[in-house]
Amino acid sequence: MSSEWSPSSWKSRPAKQQVEYDDPAELADALARLARLPPIVTSWEVEKLKKQLAEAGRGERFLLQGGDCSERFTDCTANLIDAKLKVLLMMSAVLVYGSGRPVVRVGRIAGQYAKPRSDPMETINGVTLPSYRGDLVNRVDFTPEGRRPNPANLIEAYSRSAMTINFIRSLLAGGFADIHHPEVWDLSGLGQNAQTDEYHALVAQMRRSVRFLDATLGRPLEELTQTEFYTSHEGLHLDYEEAASERPPLRTGWYDLSTHLPWIGERTRDLGGAHVEFFRGIKNPIGVKVGPSMDPNELVELVSVLNPANEPGRLTLIVRMGSKKVADKLPALVAKIRSTGQVVTWCCDPMHGNTYKTADGTKTRHFDDILAEVTQSFDIHRDAGSVLGGVHFEMTGQNVTEVVGGSCGLTEADLATAYESDVDPRMNYAQSLELAFLVARKLGSMRA
Ligand code: PEP
Ligand code: CO
């Protein structure tokens with residue numbers, strides 16, 4: 001790979017999953033307007049996250065990354081953002097308490113608007129239109145106007161990302177995440193179940209611990225701890241990512257400031273491809289999805305291209321094998337990376353290798369498969385003398401019915417009740433919290 005990098009050098013490589021706009025001038029105008037807008041995040045935050053991801057890679061911290069498969073413009077409401085933040089905070093409280101490690105919280109939020117598709121076109125009842133590629137590109141409505149890639153969506157997505165992170169920052173700054181009052185994160189109206197009971201018991205215990213710490217320190221704990229929250233999205237649409245990249249003052253190099261942690265998806269991680277070319281030159285911490293077709297030697301090469309200086313925290317490998325393949329595939333990858341001395345942060349995405357379709361064609365995942373992949377991943381890393389530094393979930397703070405199983409007992413017959421995702425199925429509030437308890441227990445037992 002050539003050493004000449006620029007924010008547009010990706011254009012000389014084959015680029016998968018890019019969008020054909022019908023009016024290049026309209027696209028160029030939207031990108032020029034995007035490039036003039038202020039960044040959504042700052043390089044200071046980005047560098048801080050990189051440090052924390054390095055700690056997660058060493059087992060000194062744990063990464064919780066989660067959110068929707070894809071955000072929609074209509075999700076940019078106070079209630080929905082509030083619910084997503086709450087469930088992530090609740091899960092992280094459970095993980096902190098169970099594992100004794102600080103947690104770095106990263107949402108698939110404030111910019112997760114672009115989706116890779118297996119087919120560029122979709123045919124329904126003999127009508128063929130472009131596939132829906134996320135609100136960054138077009139709309140889900142199956143009409144020629146809805147499916148037309150519209151450059152105006154790029155600006156709209158950027159604006160809604162900014163509004164989303166703005167609201168999150170205000171909530172956090174205003175004491176929403178104050179550890180003295182974890183009860184305010186509770187999602188009301190979702191009823192009572194085993195997880196909420198266990199959660200309330202945990203909250204009572206946390207409150208006692210916080211009072212003890214306040215008393216010991218002689219001042220409120222929040223003066224020492226700030227609740228941090230970071231954003232991430234798949235950096236799929238390279239024109240968009242390029243337009244949001246800049247060279248911040250007092251820094252060397254380029255940062256993609258549309259998000260803290262952009263990642264490369266499973267479909268676009270080819271070594272000679274445009275995505276790897278763009279990502280290798282930005283300074284952000286980055287992620288790359290690693291699926292079952294990854295060969296250990298290819299991974300070593302990919303890691304050396306994406307992290308040539310072997311900088312801790314720079315690269316998170318988000319492994320998504322599926323519960324039936326992880327035992328077969330992951331050990332060789334971990335062993336190979338250990339043998340080269342390459343420093344990475346390992347993360348487990350137990351969602352994307354476990355998707356299946358029910359008899360009527362509904363996309364779902366089984367809670368048991370999700371749990372099985374996480375559990376096996378912990379054990380594989382422990383047996384190899386490596387560290388699983390975090391988890392990556394598709395989840396929501398609402399009571400949807402998209403994933404089957406869990407102690408709420410959802411079956412395939414229940415899926416139609418509240419299936420809202422246009423893309424991948426997400427764990428609901430109760431399933432997310434239940435999984436957090438199970439992961440916390442696993443982390444706690446590994447410490448003992
Ligand atoms: C995703 O994270 O929504 C996704 C498309 O994942 P993957 O690239 O792992 O298939
Ligand atoms: Co997904």
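Nothing here was measured: the structure is a model prediction, and the numbers come from that model.

Below, the discussion takes up the overall build of the chain. A tally of regular secondary structure across the chain gives twelve helices and 14 strands. Taken over the C-alpha trace, the chain has a radius of gyration of 21 Å; the compact-globule value for 448 residues is 22 Å, and the two agree within 12%. Principal axes of the C-alpha set define a box for the chain whose edges measure 60 × 50 × 45 Å. Burial status across the chain gives 56% buried among its 448 residues. Long-range pairs, those at least 24 residues apart, make up 76% of the contacts in the chain between residues at least 6 apart in sequence. Carbon and sulfur atoms provide 53% of the accessible area of the chain, an area that totals close to 18,100 Å².

On to the coordination of the cobalt ion (ligand 2). The cobalt ion (ligand 2) binds to the protein through Cys-69 (SG), His-352 (NE2), Glu-394 (OE) and Asp-424 (OD), with metal-donor distances spanning 2.1 to 2.4 Å. Mapped onto the sequence, the donors of the cobalt ion (ligand 2) take the spacing C-x282-H-x41-E-x29-D. Here Glu-394 lies in strand β14 (residues 388-394) and Cys-69 lies in the loop between β1 (62-67) and α3 (78-99), a separation of 325 residues in the sequence. Residue Cys-69 shares its accessibility class with Glu-394, and that shared class is buried.

Burial within strand β10 (residues 315-319) is extensive, with five of its five residues counted as buried. Burial along β10 is two-sided: Leu-315, Leu-317 and Val-319 facing one way and Thr-316 and Ile-318 facing the other are all buried. As defined by bridge partners, strand β9 (residues 286-290) adjoins β10 across five bridges and the pair is classed as parallel. Bridging from a neighbouring strand, Gly-287 pairs with Thr-316 of β10. Regarding topology, helix α9 (residues 296-306) serves as the crossover connection from β9 to the parallel β10, and that connection is right-handed. In terms of handedness, the path from β10 via helix α10 (residues 326-340) over to strand β11 (residues 345-348) forms a crossover that is right-handed.

Moving on, we get to the sheet that holds β9. The strand order around the closed barrel built from eight strands is β1-β2-β5-β8-β9-β10-β11-β14, with neighbouring strands paired in parallel fashion. Neighbouring strand axes in the sheet, compared pairwise and without regard to direction, differ in orientation by 25° on average. Both β10 and β11 contribute to a ladder of four bridges, which runs parallel. Across the sheet, residue Thr-316 finds its bridge partner in β11, namely Thr-345. Across the sheet, α10 lies against β9, β10 and β11, angled at about 170° from β11, the strand it touches most.

For side chains of opposite charge, pairing can occur when their charged atoms come near one another. Taken as a whole and assessed by the stated rule, the structure comprises 35 salt bridges. Via salt bridges that share partners, Arg-108, Lys-363, Arg-365, Glu-394 and Asp-424 belong to a single interconnected network.

Procedures and definitions
Residues numbered from 1 in each chain as written. Chains lettered and ligands numbered in written order. Predicted model: local features only at pLDDT ≥ 70, side-chain atom pairs only at ≥ 80, totals over all residues. Heavy atoms only, no water. Helix = DSSP H or I, 4+ residues; strand = E, 2+ residues; numbered from the N terminus. Rg over C-alpha atoms; globule rule 2.2 N^0.38 Å. Buried < 20%, exposed > 50% of the residue type's maximum accessible area, 1.4 Å probe, protein only. Contact = heavy atoms within 4.5 Å. Areas by Shrake-Rupley, 256 points an atom, 1.4 Å probe, with all protein chains shown as cover. Donors = N, O, S within 2.8 Å, 3.2 Å for Na, K, Ca; no water. Pairing = 2+ DSSP bridges. Right-handed = clockwise from strand over helix to strand, strands pointing away. Axes fitted to C-alpha atoms, helices over the stretch in contact; angles between N-to-C directions. Salt bridge = Lys/Arg side-chain N within 4 Å of Asp/Glu carboxyl O.

Any functional reading would require information beyond the geometric quantities listed.
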